[in-house]
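# Topology and contacts: notes
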Amino acid sequence: RTVQRPFMLSRAGTLGIHRFGAAMWSGDIASRLDALAMHMQAQANMVTVGIDYYGTDTGGFKRWFLPNDTATVKDARPSEDEMFSKWLAASVWFDIPLRVHTSNIRQNKCPSGHSRRGCTYRISPAEIGWIDSNRFNIRQRYELVPYFYALAHRAFQHGLPVIAPLWYYFPADMTVRLMAGSQKMVGPDIMVAFAARHGQTHTDVYLPDLPQADSHWHSYHHPHTPFAGGQWLRNVSLFRAGDGVYTLPAYVRSGAILPMTLDQQQGGVGEGGSVSLRVFASREGSEFEMVVADDGRSVDHYDTDTNRPVYRTLRAVVSQRFDGPTGGDGTVGQITITPATADRHA
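Throughout what follows, the structure given in this document is the object of discussion. Quick caveat, the model's predicted, so the values are computed rather than measured.

The rules behind these values
Residues numbered from 1 in each chain as written. Predicted model: local features only at pLDDT ≥ 70, side-chain atom pairs only at ≥ 80, totals over all residues. Heavy atoms only, no water. Helix = DSSP H or I, 4+ residues; strand = E, 2+ residues; numbered from the N terminus. Expected span 1.5 Å × (residues − 1). Buried < 20%, exposed > 50% of the residue type's maximum accessible area, 1.4 Å probe, protein only. Pairing = 2+ DSSP bridges. Contact = heavy atoms within 4.5 Å. Axes fitted to C-alpha atoms, helices over the stretch in contact; angles between N-to-C directions. Salt bridge = Lys/Arg side-chain N within 4 Å of Asp/Glu carboxyl O. Phe/Tyr/Trp six-rings, centres within 6.5 Å; stacked < 30°, edge-to-face > 60°. Lys NZ or Arg CZ within 6 Å of the ring centre and 35° of its normal. Parallel < 35°, antiparallel > 145°, perpendicular 65-115°, else oblique. Nonpolar A, V, L, I, M, F, W, Y, C, P; charged D, E, K, R; others polar.

### Quick look at helix H2 (residues 80-94)
Turn by turn, an α-helix covers 3.6 residues, leaving residues three or four places apart pointing in a common direction. Over its 15 residues, H2 extends 21 Å from the first C-alpha to the last, a length consistent with the 21 Å expected when each residue adds 1.5 Å. Burial analysis of H2 places 14 of its 15 residues in the buried class, the great majority of the element.

Set out below in structure tokens:
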């Protein structure tokens, strides 16, 4: 028995091991973007057998394989800095847990003029790659902690995936059926396009057809312009206009309710901080169950019969509906939050 919740990172496991606080990773992966692409396909297979918590050694474990990377556009050469920042941008969306890890048993060749015979590989996002992009993407991950937390709780309670292939949510879309898996859903509402080749600056993104007549997709980073479903967006930039920050294209569908945090030092959910909501309004209405208070660490008590730890959380259901003016005050809809209820889970 422990006073803190266990979490295990395992090389092997079986169906649904994430329900018991266990995750898997893709082993000692090469520091190559073509290896990252293979990992992304493996992750999709893991989800189909109930393993949600699956990630990489961000930046790759075997850095000395980098020069052999085949994921390049014409005339581009593999770059350690580009590899790391593009890998990190993918990891912040898809990896659970998010970890930067590289082998330093083999010593890297030192830069020209360096006095030492051998140098360790750079692993900190503050010292390798495109630093502004690294900072932006890591902050984005912290921003979405309450959303990821709610998805993890949903997976624990109902077995629904945290990150899923497009076909899981859009099985009737024939274009989705024929796609190779370069796009994924983070929860039921956010779609992210994976792109990682040296020298790549743009990518094509498919927006799945949405069943509701008034539903649209919205860019996560620039949400004010709606896009109809069932279409390709061609040559979407991987770099933000203005600041040149590298980030993967992400789109949110109408009706989404995203719990977020402005406190990026917050460890759990609602622990000494606050949860804000980003709502993508729809006339159809929607709801989302979120965890509003959980420190992410403590054990409430141990079940006397099973000897399993029991955790205490507070959760609330948020609903929205925006279907036009409802009164003389110009109100066009409403957001409702149910009072928080306490749960205990073994």
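### Structural notes on the sheet that holds strand S4 (residues 163-165)
With antiparallel pairing, six strands are arranged side by side in an open sheet as S4-S5-S6-S11-S8-S9. Whereas interior strands pair on both sides, the edge strands pair on one side only; in this sheet they are S4 and strand S9 (226-227). Bridge count between strand S8 (residues 217-219) and strand S11 (residues 250-253): three bridges; the pairing is antiparallel. Residue pairing across strands places His218 opposite Val252, the latter belonging to S11. This element, helix H1 (residues 33-48), spans S4 and strand S5 (183-186) of the sheet and lies at about 100° to S4.

### Some thoughts on the pattern of salt bridges
All told, the structure shown has 11 salt bridges when counted by the stated rule. Ionic pairing is found between Arg32 and Asp34, a salt bridge with its closest N-O pair at 2.6 Å. Residue classification places Arg32 among the buried positions, given a relative accessible area of 18%. Classification of Asp34 by relative accessible area gives buried; the value is 13%. Two residues, Lys86 and Glu82, come together in a salt bridge whose shortest N-O distance is 2.8 Å.

### Some words on the packing of aromatic side chains
Evaluation of the coordinates by the stated rule reveals 11 aromatic pairs. Each ring, one from Trp64 and one from Phe65, has its centre 6.1 Å from the other, and the planes form 40°; the classification is tilted. Overall, Phe65 belongs to the partly exposed group, its relative accessible area being 32%. With a centroid separation of 6.0 Å and 55° between ring planes, the pair formed by Phe170 and Trp217 is classed as tilted. Of this pair, Phe170 sits in the loop between helix H5 (166-169) and helix H6 (174-178) while Trp217 sits in strand S8; the two residues are 47 residues apart in sequence, bridging distant segments of the chain. Connected via pairs of aromatic rings, a cluster forms that spans Trp130, Phe239 and Tyr246. Seen from the ring of Tyr220, Arg278 lies directly overhead, with NZ or CZ sitting 4.8 Å from the centre.

### Examining the packing of helix H3 (residues 131-143) against helix H4 (residues 145-158)
Where H3 contacts H4, the axes come no closer than 5 Å and their chain directions differ by 50°. In terms of orientation, H3 and H4 fall into the oblique class. Together, Arg141, Tyr142 and Glu143 of H3 and Val145, Pro146 and Phe148 of H4 make up the contact between the two elements. A per-class count over the contact of H3 with H4 returns four nonpolar, no polar and two charged.

### Looking at the environment of Gly296
Here Gly296 shows up in the loop between strand S14 (286-293) and strand S15 (301-302). When the C-alpha positions of Gly296 and Gln4 are compared, they lie 8.9 Å apart, and in sequence the two are 292 residues distant.

### A few points about the sheet that holds strand S3 (residues 54-55)
Taken together, the three strands give an open sheet; going across it, the order is S1-S2-S3, and neighbouring strands pair in parallel fashion. A strand with exactly one partner marks an edge of an open sheet, and here the two such strands are strand S1 (8-10) and S3. Two elements, strand S2 (residues 22-25) and S3, share two bridges in a ladder whose sense is parallel. From the neighbouring strand, Trp25 faces S3, where its bridge partner is Gly55.

### Quick word on unusual backbone geometry
The omega angle of the peptide bond from Ile96 to Pro97 is 0°, so this bond is cis rather than trans. Positioned with a positive phi, Asn235 is a non-glycine residue whose angle comes to about 55°. Mapping Asn235 onto the fold places it in strand S10 (residues 231-237). Under the relative-accessibility criterion, Asn235 is labelled exposed at 58%.

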